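So you can see what is in the structure, the chains are spelled out below.
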2 protein chains.
Amino acid sequence: MATADISKSSPALKDELDIVIPTIRNLDFLEMWRPFFQPYHLIIVQDGDPSKTIKVPEGFDYELYNRNDINKILGPKASCISFKDSACRCFGYMVSKKKYIFTIDDDCFVAKDPTGKEINALEQHIKNLLTPSTPFFFNTLYDPYREGADFVRGYPFSLREGAPTAVSHGLWLNIPDYDAPTQLVKPRERNTRFVDAVMTIPKGTLFPMCGMNLAFDRELIGPAMYFGLMGDGQPIGRYDDMWAGWCTKVICDHLGLGIKTGLPYIWHSKASNPFVNLKKEYKGIYWQEELIPFFQSATLSKDADTVQKCYLELSKQVKAKLGKVDEYFSKLADAMVTWIEAWDELNPTSGVLIGVPNGAAK
Amino acid sequence: MATADISKSSPALKDELDIVIPTIRNLDFLEMWRPFFQPYHLIIVQDGDPSKTIKVPEGFDYELYNRNDINKILGPKASCISFKDSACRCFGYMVSKKKYIFTIDDDCFVAKDPTGKEINALEQHIKNLLTPSTPFFFNTLYDPYREGADFVRGYPFSLREGAPTAVSHGLWLNIPDYDAPTQLVKPRERNTRFVDAVMTIPKGTLFPMCGMNLAFDRELIGPAMYFGLMGDGQPIGRYDDMWAGWCTKVICDHLGLGIKTGLPYIWHSKASNPFVNLKKEYKGIYWQEELIPFFQSATLSKDADTVQKCYLELSKQVKAKLGKVDEYFSKLADAMVTWIEAWDELNPTSGVLIGVPNGAAK
């Protein structure tokens, strides 16, 4: 299959993609990314104390929002944006006017492939997003749209057009994205295995979406990328990206969109404190045992033909079914509605009718 | 997680695994495999003219069955075993008395990993089979039971025990397993990408299972590994392993068993003739468009708590639903029943109650 034509000379999607970075510190990490990121526009969401000044290296084109800006822009609806948690990054998705988003954490550096070459993570995400996904049948040679690969014998021909790709989920070398219990049990484990693969997460299968190194098509799936209520005043943390991933997967499955995972790798430099993490996670760890069956069995109606409508349907189900688990989920369900209202206010022409593909809805 | 303890000094599962090889020629290819295969017992199923003598290199422990042997052992039930097609290999699964089977084609050689080291394919299959699978939730760092890997943040703890692994599906470097149309369109494509991963095919997702480099737990799933009616007197070929794979996947999903794919690679030396392949495949290519929806929606009853019972239920559904597509499928459905009868005759103590796990049945 032909792969997307991504010219080396002019950066792909230069005017169609924003890089969203949540941070509490000076963005020195951008120095290492300069060759890859400098042509793009950055949206920096400053987490925590708004009086602090965040330094951005010279030569980058950026806009920066602190909590005061978020409050000013969203007014009372700012309540849906987390404070003192990197979940605040989703505000950047909302104010972007571009078709694509790449989001990365400020402790993520450029990784090297096994030949020692620096990996342009953004370029790989763009390749992933611009080629279709294969959610309806598994291809054993991984992404059939990559150069040197194709669909194997036995892959139905009617499914070889694939589905539009909504999300590209990248991975991490060095510090793996483990939960606190695993961090505590395996303090020295490092991810050194470079797996040269991109694949589609099959329809009907949930996965743990990590927000550290993530790209998506804002027009296709943006309103589902809400990172929930975490951090200051909330009973859990570190489930922001997971929550977004589960909602997004259910909606992508319903709308016939694909999610890819695998390449690109970034170099994750520093493990967060496992004791602090445990405190943030412990409620999530047991709530999750009820969340997963909930998302596994969630179905959306035929009428839900835009991401917004899907998301609002899901918020109702969260309130009805997870509200019983803890009152936090009632509050979260309300915040999901507020998020969509705020999204639509800032993106008045959004809410594109995607339509539910024949037979693709559960 | 701890990985299976496979000592380097004594070959793993030496007395518990048979290597099944279907062939029409002298088995010179075994010379290259000698360091890895010699400790194991081989079951050679001679395809085609039984008067021909197949030479096996010195020093291998083997039994060989030609068509006359098959007819003698199975009597009228021999009709379920294909003739003049490598689908006959499944006879070897039936006569084996071991717990595990590894099957390989005689045009498959030892591949090298990126460091130049020869890959012991069988050892990797054994690792895959002796560690659990994760069919109920996707782990983004691939097989969590491999050394240096684990479950990532957001993976439900209740699912970390995994499921018993029934099948290990290996891949191919050099000549990829393409269908005739793809072979014709891309005559020069070679698979050069070594993907250092093992993963579980999620529950509810079908995949194209290739019989070239395949291992399975005969006690857990053996009776489902029927390679159908292909070759002499049949309207299609090259769908034997696919058929076995779709039946097996539906039954594994029902019984809560896992199927892994990825490592190990073998070196597939020679592309088969695409014109001959097209003739064998063309009916399969369009029948498949009805087979896939059939298998995707197939459900088995709670009473189907052994592989045999599952397989007989499936055979009834094949007759009822696919018999309308072509009379070939009525014949195939009958052969599926004959296969189970023959299996039970040769394996009187088989038919272990696996039981349908709570919530695992569709």
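Residues numbered from 1 in each chain as written. Chains lettered and ligands numbered in written order. Predicted model: local features only at pLDDT ≥ 70, side-chain atom pairs only at ≥ 80, totals over all residues. Heavy atoms only, no water.

Where we set the bar: UniProt positions are given in the numbering used here, feature names are shortened, and annotations may be inferred rather than shown by experiment.
As annotated in an unreviewed UniProt entry, chain A carries the name UDP-arabinopyranose mutase and is attributed to Olea europaea subsp. europaea. Its UniProt record gives chain A the following Function (unreviewed entry) comment, quoted word for word: "Probable UDP-L-arabinose mutase involved in the biosynthesis of cell wall non-cellulosic polysaccharides." Under the UniProt heading Catalytic activity (unreviewed entry), the note attached to chain A is "UDP-beta-L-arabinofuranose = UDP-beta-L-arabinopyranose".

## Section: the environment of Ala215 of chain B
Residue and element names in this part refer to chain B. Note the following rule: Under the DSSP-based scheme used, a helix requires at least four consecutive residues in state H or I and a strand at least two consecutive residues in state E, with every element numbered from the N terminus. Categorising residues by exposure relies on relative accessible area from a 1.4 Å probe, with only protein chains included: less than 20% of the type maximum marks a residue as buried, more than 50% marks it as exposed, and the intermediate range marks it as partly exposed. Contact definition: two residues touch when any of their heavy atoms are within 4.5 Å.
Looking at the secondary structure, you find Ala215 in strand 8 (residues 213-217). Overall, Ala215 belongs to the buried group, its relative accessible area being 1%. With 45 residues separating them in the primary sequence, Ala215 and Gly170 have C-alpha atoms 8.0 Å apart. Setting aside chain neighbours within four positions, we find Ala215 in contact with Ile101, Phe102, His125, Leu129, Ala166, Val167 and Ser168.

## Overview of the relation of the copies chain B and chain A
Rule in force here: Residues reaching a pLDDT of at least 70 in both copies supply the C-alpha atoms on which the copies are superposed by least squares.
Between chain B and chain A, the superposition needs a rotation of 180° and an axial shift of 0.0 Å, giving an RMSD of 0.0 Å. Such values leave the two copies arranged in the relation of a two-fold axis. Minimal C-alpha separation from the rotation axis in chain B is found for Val195 of chain B, amounting to 2.8 Å. A symmetric contact is evident, with 100% of the interface residues of chain B recurring at the interface of chain A.

## Overview of a nonpolar patch on the surface
Residue and element names in this part refer to chain A. Test applied: Only residues whose relative accessible area exceeds 30% and that take part in no salt bridge are eligible for patches, with like-charged residues grouped when within 9 Å of each other and nonpolar side chains (Val, Leu, Ile, Met, Phe, Trp, Tyr) grouped when within 5 Å. Residue burial considers only the protein chains on display, and all accessible areas are found by Shrake-Rupley using a 1.4 Å probe. What counts as a salt bridge is simple: a side-chain nitrogen of Lys or Arg found within 4 Å of a carboxyl oxygen of Asp or Glu.
Taken together, the side chains of Leu184, Val185, Phe275, Leu278, Tyr282 and Tyr286 define a hydrophobic patch exposed on the protein surface, amounting to about 630 Å² of accessible area. Listing elements by their share of the nonpolar patch, those giving two or more residues are helix 5 (180-185) and helix 8 (274-297). The element best represented in the nonpolar patch is helix 8, accounting for four residues. The exposure class of Val185 is exposed, given its relative accessible area of 67%.

## Some thoughts on the interface of chain B and chain A
To keep things clear, this is the line we draw: What gets called buried area is simply the loss in accessible area from a 1.4 Å probe that two parts show on being joined, summed for both.
Residue-level contacts link 61 residues of chain B with 61 residues of chain A. Of the roughly 5,000 Å² buried where chain B meets chain A, counting both sides, 57% is carbon and sulfur surface. A per-residue breakdown of the area chain B buries against chain A is headed by Phe138, Arg153 and Arg193 of chain B, which together make up 17% of the total. Across the chain B-chain A interface, the total number found is ten salt bridges. Residue Asp179 of chain B is joined to Arg160 of chain A by a salt bridge in which the shortest nitrogen-to-oxygen separation is 2.8 Å.

## Focus: the UniProt feature "glycosylation site" (unreviewed entry) in chain A
Per the UniProt entry, the sites bearing "glycosylation site" (unreviewed entry) are Arg153 of chain A in this numbering. Note that Arg153 of chain A resides in the loop between helix 4 (121-130) and strand 6 (165-174). Relative accessible area serves as the criterion here: at 5%, Arg153 of chain A is assigned to the buried category. Apart from the residues within four sequence positions on either side, Arg153 of chain A is in contact with Asp177, Tyr178, Asp179, Pro208, Cys210, Arg238, Asp241, Met242 and Glu281 of chain B.

## Section: the pairing of strand 6 (residues 165-174) of chain B
Residue and element names in this part refer to chain B. Cut-off, in case you're wondering: Strand pairing is defined by DSSP finding a minimum of two bridges between the two strands.
Along strand 6, ten of the ten residues are buried, which leaves the element largely enclosed by surrounding structure. Summarising the sheet, strand 6 and strand 9 (residues 258-268) pair through nine bridges and their orientation is parallel. Residue pairing for strand 9: Trp172 is matched across the bridge by Ile266. Relative to strand 8, strand 6 runs antiparallel, the two sharing three bridges. Paired with Val167 across the bridge in strand 8 is Phe216.

## Structural notes on the packing of aromatic side chains
Selection criterion: Each Phe, Tyr or Trp ring (for Trp, its six-membered ring) is paired with any other whose centre lies within 6.5 Å, and the angle between the two planes then decides the class: stacked below 30 degrees, edge-to-face above 60, tilted in between.
Summed over the entire model, instances satisfying the criterion amount to 44 aromatic pairs over all chains. Geometrically, the ring pair formed by Tyr93 of chain A and Phe227 of chain A is edge-to-face, given 5.7 Å between the ring centres and 75° between the ring planes. Here Phe227 of chain A lies in the loop between helix 6 (218-221) and helix 7 (240-255) and Tyr93 of chain A lies in helix 3 (residues 90-95), a separation of 134 residues in the sequence. Each member of the pair, Tyr93 of chain A as well as Phe227 of chain A, is classed as buried. Ring geometry for Tyr93 of chain B versus Phe216 of chain B: centroids 4.9 Å apart, planes at 80°, classification edge-to-face. Taken together, the positions of Tyr93 of chain B in helix 3 (residues 90-95) and Phe216 of chain B in strand 8 put the pair 123 residues apart, joining distant regions of the chain.

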